[in-house]
Amino acid sequence: IELGIAIDGGKDSLSMAAQCDGELVKAPGNLVISAYVTCPDITLTVTPDLKLGKDGVLLHVDLAKGKRRLGCSALAQAFDQIGNDCPDIEDVPYLKKVFEVVQELLSERLISAGHDISDGGLIVTILEMAFAGNCGVNLNIESKDNDLLQTLFAEELGLVIEVHLDDLDLVKQKLNAAGVSAAVIGKV
């Protein structure tokens, strides 16, 4: 509602359960929401594969504003844990700002690759981008007040974008003008 998006479809699987060998097995709750929008130019897209070689710079746009919660993450599950605090969006107007400025950067073809941070966290996102681009990366990621596992594996909302080294100052200027912070986290 805060974003002004009409949800006109979806699937509710919040109450699924099955009987198995006399035991009631409840499925994890999930909710799929569908929304549709017109796309003025379908050529203004990016894929996750890194494309710029040594001219590529990686930026992290952090929608969690420094929080690094590991609850329900792939890392927690790998250690047979659930965790206490799960990632969540806490600043919806900021999400809208990020979306709008990214759309502007896409329309000006200033982003060559991009990927959301989701399953696996920041490090998995970057590795997926590098694998898809058949290249390596040199990273410099600051952990600030978080430990290394939180920094690398928290599945907080955010994205990683690749921009050309020559466009880095312009991209940072546009992000700053929109009130969006992004950290340079490495080079291709």
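Scroll up to find the structure.
Residues numbered from 1 in each chain as written. Predicted model: local features only at pLDDT ≥ 70, side-chain atom pairs only at ≥ 80, totals over all residues. Heavy atoms only, no water.

Time to look at the overall build of the protein chain. Within the protein chain one finds five helices and nine strands. Scanning the protein chain from its N terminus toward the C terminus, one meets helices and strands in the order β-β-β-β-β-α-α-β-α-β-α-β-α-β. Overall size of the protein chain, expressed as C-alpha extent along the three principal axes, is 65 × 40 × 30 Å. Here the protein chain holds 188 residues, and the buried ones make up 31% of them. Pairs at least 24 residues apart make up 77% of the contacts formed inside the protein chain by residues separated by at least 6 positions. Looking at the protein chain as shown, the accessible area adds up to about 11,900 Å², and 54% of this sits on carbon and sulfur atoms. Computed over 15 positive and 29 negative side-chain charges, the separation of the two mean positions in the protein chain equals 5 Å. (Helix = DSSP H or I, 4+ residues; strand = E, 2+ residues; numbered from the N terminus. Buried < 20%, exposed > 50% of the residue type's maximum accessible area, 1.4 Å probe, protein only. Contact = heavy atoms within 4.5 Å. Areas by Shrake-Rupley, 256 points an atom, 1.4 Å probe, with all protein chains shown as cover. Lys, Arg positive; Asp, Glu negative; His and termini not counted. Charge placed at Lys NZ, Arg CZ, Asp CG, Glu CD.)

This next bit is on the packing of aromatic side chains. Applying the stated criterion across every chain yields a total of zero aromatic pairs. The ring of Tyr94 is capped by Lys65, whose NZ or CZ atom sits 4.4 Å from the centre of that ring. (Phe/Tyr/Trp six-rings, centres within 6.5 Å; stacked < 30°, edge-to-face > 60°. Lys NZ or Arg CZ within 6 Å of the ring centre and 35° of its normal.)

The next subject is the nonpolar core. Across soluble globular proteins, nonpolar side chains show a tendency to be buried alongside one another. Leu59, Val98, Leu159, Val163, Val171, Leu175 and Val180 are the most contacted members of the largest nonpolar core, which totals 19 residues. Listing elements by their share of this core, those giving two or more residues are β5 (56-62), α2 (92-107), β8 (158-164) and α5 (168-177). Setting aside chain neighbours within four positions, we find Leu175 in contact with Leu59, Val101, Leu105, Val180 and Ala182. Judged by nonpolar contacts, the second largest core, of 11 residues, contains Leu58, Ala113, Ile126 and Val188. (Core = buried A, V, L, I, M, F, W, Y, C linked by side-chain atoms within 4.5 Å.)

A few words on helix α3 (residues 122-133). The terminal C-alpha atoms of α3 lie 17 Å apart, and with 12 residues this matches the ideal 16 Å at 1.5 Å per residue to within 8%. Considered for burial, the residues of α3 that qualify are Leu122, Ile123, Thr125, Ile126, Met129 and Ala130. Buried residues along α3 cover an arc of 165 degrees about the axis, so they all sit on one side. α3 presents Phe131 and Ala132 as exposed residues on the side facing more than 90 degrees away from its buried surface. (Expected span 1.5 Å × (residues − 1). Arc of directions from axis to C-beta.)

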